[in-house]
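Each chain, written out:
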Amino acid sequence: MRVLIFVALLISFVYSAEVVKVEEKYQDSTKCQACHNHLVKDWQHSWHARSYEKNDEYFRASLEYVSKKSHKSLNAVKVECATCHNPRISVTSTSKAYEIDAVLGLDKNSKVNKAVNDTSISEGINCVVCHNIDKIHDNLDASKRGMDRVTWLKSGVMSGPFDDATSPYHKTEARDFMDKNPNKLCFVCHANDHTIKGDMFINMEAEYKDNTQKCVVCHMSTKKELYAATLRIDHGKPKARQIREHGFSGAHTASMWKDALHVSTKVEGGDLVITLKNDLPHNLPSGFGSREIVLDVEYTSAAKVVSKESVSLTRHYLNKYKKPTIAHTSETSSADESVPAKGEKTIRVKLNKSANGANVAVSYRLVNDEVRGLLELKEPIWSQKMVIFKGAVKF
Ligand code: HEC
Ligand code: HEC
Ligand code: HEC
Ligand code: HEC
Ligand code: HEC
């Protein structure tokens, strides 16, 4: 019995999110600039750097919406979402007693309130999120993600791709997930996004078609000859290294969408048939609920637009009263309309018989009309149509 209790304790010790406090000299990216400024600059433009309520309107509005709809305090929701969005937070769960204090407004000096407002987490997914990871427990069940799937190294030890790196500022440790198998690192968070009830609504890991294709090649860069640190450690010069840029460009960068799908059009049986082919190892849209691909068709006759059609490929989420809601507070959803990984999707639009041509545009939006309305998102980026394809057909 004692042995069993000991084993149980050991397992819970190893596998529940354990907070390791990061000392101030490593906490934020400004501390790395003196020697890694090129990588810090890349990262600053990324949406990893904006994974914090104050820096992402959509995230902030979602936190507030979830709190309102689930009758949980805003801070409790912040702590829950921090699992992936702010995994260096110093509090990892909230209690029923905390909820009562929050309702009564007695939580101002609580640990929870201090943790969610601490400036050390305001950089979102920063250097010490990825580079202070010791182990990734990918043998755990799918629900354990973000901070619940990793154990941290001691403060001041950086895991990286090189086994011969030495730095005067911090210790270094080489890890496979920084080198041979980096998808494992990305899947710590880019998998199993779930509703507050625990139902999965997106799982990029499950849909992923070819694990030999590395996320880092497309979302960081191919390896290039430069240096990891600007410090002159190699006979008065920075040491030459094969490195990757740290831009993590993705869905919020319009230029990334150009030709992300191969689009072909033909006329068949009274329909305009549009085929979207996806060569990527993950679906499109993917990643987050309520993303959208929009097809706009303008029928033309003698170069004049005579009619328009629009098709939206997106997912709609419903609450228990069958009313539209966001993914996190949903009970059911419409069918998955995404273009499958390494697959294709065909859309048929009724042909306008009086037209003799059509302009076809395929674009992407970060949020569909429904959710943008529910959350009252104001910034232009949420309604911007990022162009994937534009072409014309004659018939
Ligand atoms: C989302 C995870 C992630 C974040 C955030 C991140 N890195 Fe990295 N970093 C990586 C990966 C993965 C590699 C390994 C790339 C390879 O060699 O394949 C890497 C490599 C490096 C290297 C070795 C040189 C190179 O580019 O390969 C340095 C130095 C580094 N990162 C510093 C930083 C600093 C400083 C920050 C904060 C501004 C940062 N990283 C943020 C994932 C991350
Ligand atoms: C005073 C300079 C200096 C500062 C400040 C500094 N580093 Fe480094 N770092 C280095 C040097 C030097 C190397 C080794 C470079 C090499 O061998 O090519 C290095 C290597 C690394 C590596 C690669 C380790 C490996 O084994 O592959 C990572 C990751 C890293 N640093 C992260 C950080 C982070 C994060 C910060 C800020 C919290 C930081 N560094 C601050 C000098 C610095
Ligand atoms: C600790 C959790 C975590 C890890 C590890 C992580 N990500 Fe992310 N990633 C996020 C979150 C959260 C967002 C959304 C941030 C936001 O939009 O506010 C995101 C966003 C992104 C985006 C979208 C950017 C955009 O502009 O739309 C890309 C691309 C991305 N991550 C790639 C990667 C890659 C590649 C890796 C592995 C090297 C990785 N991530 C590792 C949590 C993580
Ligand atoms: C062969 C290149 C390639 C690989 C490999 C790849 N991606 Fe992508 N990914 C893209 C392109 C292109 C897009 C669409 C434009 C954009 O958002 O960057 C995209 C989109 C995304 C998005 C936004 C999805 C959406 O619909 O909103 C996320 C998040 C993402 N990728 C993460 C990852 C992660 C994590 C991995 C590895 C597990 C990965 N990608 C592997 C090329 C790639
Ligand atoms: C399992 C890890 C995980 C958890 C837990 C999680 N997220 Fe995310 N979230 C992600 C990742 C990864 C992305 C980026 C996907 C992409 O760009 O398509 C993301 C993206 C988002 C976005 C889109 C941001 C943008 O700029 O487009 C919103 C909004 C969001 N999450 C809200 C939440 C809320 C609210 C919670 C808590 C109820 C939460 N998330 C919990 C992993 C997670």
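Residues numbered from 1 in each chain as written. Chains lettered and ligands numbered in written order. Predicted model: local features only at pLDDT ≥ 70, side-chain atom pairs only at ≥ 80, totals over all residues. Heavy atoms only, no water.

## Here we look at the nonpolar core
Leu272, Ile274 and Leu276 are the most contacted members of the largest nonpolar core, which has 47 residues in total. Secondary-structure elements contributing two or more residues to this core are helix 4 (57–70), strand 6 (200–202), strand 10 (271–278), strand 11 (292–301), strand 16 (343–350), strand 17 (357–365), helix 13 (369–375) and strand 18 (386–394). Split by domain, the residues of this core number at least three in each of domain 1 (2–243) and domain 2 (254–394). When neighbours within four sequence positions are excluded, leucine 272 is seen to be in contact with Lys266, Val267, Val297, Tyr299, Ile347, Arg348, Val349, Leu351, Ala358, Val360 and Val393. (Core = buried A, V, L, I, M, F, W, Y, C linked by side-chain atoms within 4.5 Å. Buried < 20%, exposed > 50% of the residue type's maximum accessible area, 1.4 Å probe, protein only. Helix = DSSP H or I, 4+ residues; strand = E, 2+ residues; numbered from the N terminus. Domains from an automatic or database assignment. Contact = heavy atoms within 4.5 Å.)

## Regarding the site of ligand 3
Of all residues adjacent to ligand 3, which total 22 residues, the nearest are His48, Cys186, Cys189, His190 and His252. Within the side chain of histidine 190, an N or O atom sits 2.8 Å from a nitrogen atom of ligand 3. Between ligand 3 and histidine 252 there is a distance of 2.6 Å, counted from an oxygen atom to a side-chain nitrogen or oxygen. Taken together, the elements giving at least two residues each to the shell around ligand 3 come down to helix 5 (74–85), helix 9 (183–186) and helix 11 (215–219). A total of three residues in the shell around ligand 3 trace back to one element, the largest contributor, which is helix 11. Taken together, the residues of the shell around ligand 3 sort by class into 12 nonpolar, eight polar and two charged. (Near = heavy atom within 4 Å. Polar contact = N/O pair within 3.5 Å; in protein donor to acceptor, adjacent residues only side chain to side chain. Nonpolar A, V, L, I, M, F, W, Y, C, P; charged D, E, K, R; others polar.)

## So, the pattern of salt bridges
One pass over the full model with this rule turns up 24 salt bridges. Arginine 145 is the partner of glutamate 205 in a salt bridge, and the nearest nitrogen-oxygen pair spans 3.2 Å. You can see glutamate 205 sitting in helix 10 (residues 204–207) and its partner arginine 145 sitting in the loop between strand 1 (133–136) and strand 2 (150–152), a full 60 residues away along the chain. Classification of glutamate 205 by relative accessible area gives partly exposed; the value is 31%. (Salt bridge = Lys/Arg side-chain N within 4 Å of Asp/Glu carboxyl O.)

## Quick look at the site of ligand 4
Taken together, 21 residues surround ligand 4, and among them Cys215, Cys218, His219, His282 and Tyr364 come closest. Within the backbone of alanine 251, one N or O atom sits 2.9 Å away from an oxygen atom of ligand 4. Here an oxygen atom of ligand 4 sits 2.6 Å away from a polar atom, N or O, in the main chain of serine 286. Elements supplying a minimum of two residues to the shell around ligand 4: helix 11 and helix 12 (254–257). With three residues, helix 11 is the single largest residue contributor to the shell around ligand 4. When residues of the shell around ligand 4 are assigned to domains, at least three fall in each of domain 1 (2–243) and domain 2 (254–394).

## A closer look at the coordination of the iron atom of ligand 2
Looking at the iron atom of ligand 2, the protein donor atoms are His36 (NE2) and His170 (NE2), and they sit 2.0 Å from it. Geometry at the iron atom of ligand 2 is octahedral, judged from the six donor atoms that bind it and their angles of 87 to 179° at the metal. Highlighted residues: histidine 36 in helix 3 (residues 33–44) and histidine 170 in the loop between strand 3 (157–160) and strand 4 (171–174), separated in sequence by 134 residues. For histidine 36, a relative accessible area of 22% gives the class partly exposed. (Donors = N, O, S within 2.8 Å, 3.2 Å for Na, K, Ca; no water. Tetrahedral: all angles 85-135°; square planar, octahedral: opposite > 155°, others 65-115°.)

## Section: the coordination of the iron atom of ligand 3
The coordination sphere of the iron atom of ligand 3, as far as protein atoms go, consists of His48 (NE2) and His190 (NE2), spread over 2.1 Å. Coordination at the iron atom of ligand 3 comes from six donor atoms whose angles at the metal span 86 to 179°, giving a geometry best classed as octahedral. Highlighted residues: histidine 48 in the loop between helix 3 and helix 4 and histidine 190 in the loop between helix 9 and strand 5 (193–194), separated in sequence by 142 residues. Since its relative accessible area comes to 22%, histidine 48 is described here as partly exposed.

## A closer look at the domain arrangement of the protein chain
Segmenting the protein chain into domains produces domain 1 (2–243) and domain 2 (254–394). Here the C-alpha centroids of domain 1 and domain 2 sit 32 Å apart. Of the residues lining the interface, 24 residues belong to domain 1; the matching set on domain 2 comes to 33 residues. In this assembly, domain 1 packs against domain 2 so that about 2,500 Å² is buried in total across both faces, 61% of it on carbon and sulfur atoms. Considering only the surface of domain 1 that becomes buried against domain 2, Glu57, Tyr58 and Tyr65 emerge as the three largest contributors, covering 30% of it. If you look at where domain 1 meets domain 2, you find one salt bridge. Applying the counting criterion to the domain 1 and domain 2 interface returns 11 residue pairs in polar contact (both at pLDDT 80 or more). Of all elements in the fold, only helix 4, strand 5, strand 6, helix 10 and helix 11 reach the threshold of two or more residues within the side of domain 1 that touches domain 2. By residue number, the principal contributor to the side of domain 1 that touches domain 2 is helix 4, which donates seven residues. Here the side of domain 1 that touches domain 2 is built from residues that sort into 11 nonpolar, five polar and eight charged. (Buried area = accessible area lost by both parts, 1.4 Å probe.)

## Looking at the environment of serine 46
Assignment of secondary structure puts serine 46 in the loop between helix 3 and helix 4. Since its relative accessible area comes to 1%, serine 46 is described here as buried. In contact with serine 46, other than residues within four places in its own chain, are Gly247 and Phe248. Engagement of the side chain of serine 46 in a polar contact is seen with the backbone oxygen of tryptophan 43, the distance being 2.7 Å.

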